[in-house]
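Residues per chain, in single letters:
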Protein chains: 2
Amino acid sequence: MTKLETEMLKGTLEGIILASLSGRPAYGYEITARLREQGFSDIAEGTIYALLVRIEKRGLVDVEKVPSEKGPPRKVHSLNARGEEYLEEFWRTWSFLTERLEQLREGGK
Amino acid sequence: MTKLETEMLKGTLEGIILASLSGRPAYGYEITARLREQGFSDIAEGTIYALLVRIEKRGLVDVEKVPSEKGPPRKVHSLNARGEEYLEEFWRTWSFLTERLEQLREGGK
DNA sequence: TACCGGTACTTAGCAAGACCGAATAGCGCA
DNA sequence: TGCGCTATTCGGTCTTGCTAAGTACCGGTA
């Protein structure tokens, strides 16, 4: 992970995870795998778990413990109503940012 | 400024300033004004100055002191070769991020 | 002269986010 | 027994942006 990426992820990683959770509940290990497949190759596992705890505390996801066939029990996170709302807010802010940046990029040429 | 925006700016504000400096040298006060016009209405002035100091230390800009008619001397910052390089790198990373997020957004529907 | 407002920059202390590394734990297989 | 994969937790560090306050220069006005 480049330093640039790391810093840019701040504030967006949360939205990324919520988005990835939207409609498809998942547990930490699974989310990490999903993200890696989707191109976020080097996101630290510890980071994902810390973030999941955070969004749980904020009440954006519901958590259910499900026994696993191959390891300790999984904590399955599903986006709830508040989470959906927050996700929408996230997309709005994200759109705002991308629009501004696109403007700047155009202007810089 | 919403908390979401603040967190999302982390890691991108630097690029925003470099981009805004690209081709048009400017001093802090001016940059703040520019950004406000461009929609970043609530970026703290102190933040801009701190950031300018940082990018100067990293050698991404050249700084020249220019006397002002109405106040203390201005520190005019201009993007140098290293800064241009860094800016390109920033845009690459930014593009990567936006593509991934766009994917996620599509997938979530 | 004294003061105020606008211009311009600086600094100290704080909160939040992501990272790394290590630890804990369950399970199957050689 | 020990290795490797699954799965989660925790402590300490670095970077970033924010707030709030202060310094400094200038012109106009009372």
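Use the structure listed above.
Residues numbered from 1 in each chain as written. Chains lettered and ligands numbered in written order. Predicted model: local features only at pLDDT ≥ 70, side-chain atom pairs only at ≥ 80, totals over all residues.

Here's the deal with the environment of Glu-85 of chain A
- By the secondary structure assignment, Glu-85 of chain A is in helix α5 (residues 81-107).
- Expressed as a C-alpha distance, the spacing of Glu-85 of chain A and Ile-17 of chain A, which sit 68 residues apart in the sequence, is 14 Å. (Helix = DSSP H or I, 4+ residues; strand = E, 2+ residues; numbered from the N terminus.)

Description of the protein's contact with DNA strand C
- Taken together, 32 residues surround DNA strand C, and among them Leu-13, Gly-46 and Thr-47 of chain A together with Gly-28 and Gly-71 of chain B come closest.
- Elements represented by at least two residues in the surface near DNA strand C include exactly α1 (3-9), α2 (13-21), α4 (45-57) and β3 (71-79) of chain A together with α3 (28-37), α4 (45-57) and β3 (71-79) of chain B.
- Here the surface near DNA strand C is composed, by residue class, of 14 nonpolar, 9 polar and 9 charged. (Near = placed C-beta within 6 Å. Nonpolar A, V, L, I, M, F, W, Y, C, P; charged D, E, K, R; others polar.)

A word on the sheet that holds strand β1 (residues 26-27) of chain B
All names here are of chain B.
- If you walk across this open sheet you meet the 3 strands as β1-β3-β2, and the pairing is antiparallel. Bordering the open sheet on either side are β1 and β2 (61-68), each of which pairs with just one other strand.
- Relative to β3, helix α2 (residues 13-21) is tilted by about 90 degrees, and along the sheet it contacts β1, β2 and β3. (Pairing = 2+ DSSP bridges. Contact = placed C-beta atoms within 7 Å. Axes fitted to C-alpha atoms, helices over the stretch in contact; angles between N-to-C directions.)

Quick notes on the relation of the copies chain A and chain B
- Rotating chain A by 179 degrees about the axis while translating it 0.0 Å along that axis superimposes it on chain B, leaving an RMSD of 0.1 Å. Read as a symmetry element, the transformation amounts to a two-fold axis. Among all residues of chain A, the one whose C-alpha sits closest to the rotation axis is Lys-10 of chain A, at a distance of 3.0 Å.
- Most of the interface of chain A is mirrored in chain B: 100% of its interface residues are interface residues there too. (Least-squares fit on C-alpha atoms with pLDDT ≥ 70 in both.)

A short note on the protein's contact with DNA strand D
- In the region of DNA strand D, 31 residues are neighbours, and Gly-28 and Gly-71 of chain A together with Leu-13, Gly-46 and Thr-47 of chain B sit closest.
- Counting only elements with at least two residues in the surface near DNA strand D, the list comes to α3 (28-37), α4 and β3 of chain A together with α1 (3-9), α2, α4 and β3 of chain B.
- Sorting elements by how many residues they give to the surface near DNA strand D places α4 of chain B first, with 5 residues.
- Tallied by class, the residues present in the surface near DNA strand D amount to 13 nonpolar, 9 polar and 9 charged.

Some points on the environment of Arg-92 of chain A
- Here Arg-92 of chain A shows up in helix α5.
- The spacing of Arg-92 of chain A and Thr-32 of chain A is 60 residues in sequence and 25 Å in space, taken between C-alpha atoms.

Considerations on the nonpolar core
- Leu-18, Leu-60, Leu-79, Leu-87 and Phe-90 of chain B are the most contacted members of the largest nonpolar core, which totals 23 residues.
- In this structure, Ile-16, Ile-31, Phe-40 and Leu-87 of chain A belong to the second largest nonpolar core, which totals 22 residues. (Core = buried A, V, L, I, M, F, W, Y, C linked by C-beta atoms within 7 Å. Buried ≥ 20, exposed ≤ 12 C-beta atoms within 10 Å, placed from the backbone.)

Some points on the interface of chain A and chain B
- Counting residues at the interface gives 29 residues for chain A and 29 residues for chain B.
- Going through the elements one at a time, α1, α2 and α5 of chain A are the ones with two or more residues in the side of chain A that touches chain B.
- Broken down by element, the residue count for the side of chain A that touches chain B peaks at 12 residues, all from α5 of chain A.
- Tallied by class, the residues present in the side of chain A that touches chain B amount to 11 nonpolar, 12 polar and 6 charged.

Quick word on helix α5 (residues 81-107) of chain B
- For α5 of chain B, which comprises 27 residues, the first-to-last C-alpha distance of 39 Å matches the rise-based estimate of 39 Å (1.5 Å per residue) to within 8%.
- Within α5 of chain B, the full set of buried residues consists of Gly-83, Tyr-86, Leu-87, Phe-90, Thr-93, Trp-94, Leu-97 and Leu-104 of chain B.
- The elements touched by buried residues of α5 of chain B are α1, α2 and α5 of chain A together with α2, β2 and β3 of chain B. (Expected span 1.5 Å × (residues − 1).)

Some points on the packing of α2 of chain A against α5 of chain B
- Where α2 of chain A contacts α5 of chain B, the axes come no closer than 9 Å and their chain directions differ by 30 degrees. The orientation of α2 of chain A with respect to α5 of chain B, classified from their angle, is roughly parallel. As for how α2 of chain A packs across α5 of chain B, the hand of that crossing is left-handed. Packed against α2 of chain A, whose contacting residues are Ile-16, Ala-19 and Ser-20 of chain A, the element α5 of chain B presents Leu-101, Leu-104 and Arg-105 of chain B at the interface.
- Split by residue class, the contact of α2 of chain A with α5 of chain B holds 4 nonpolar, 1 polar and 1 charged. (Parallel < 35°, antiparallel > 145°, perpendicular 65-115°, else oblique. Left-handed = near helix turned anticlockwise from the far one by under 90°.)

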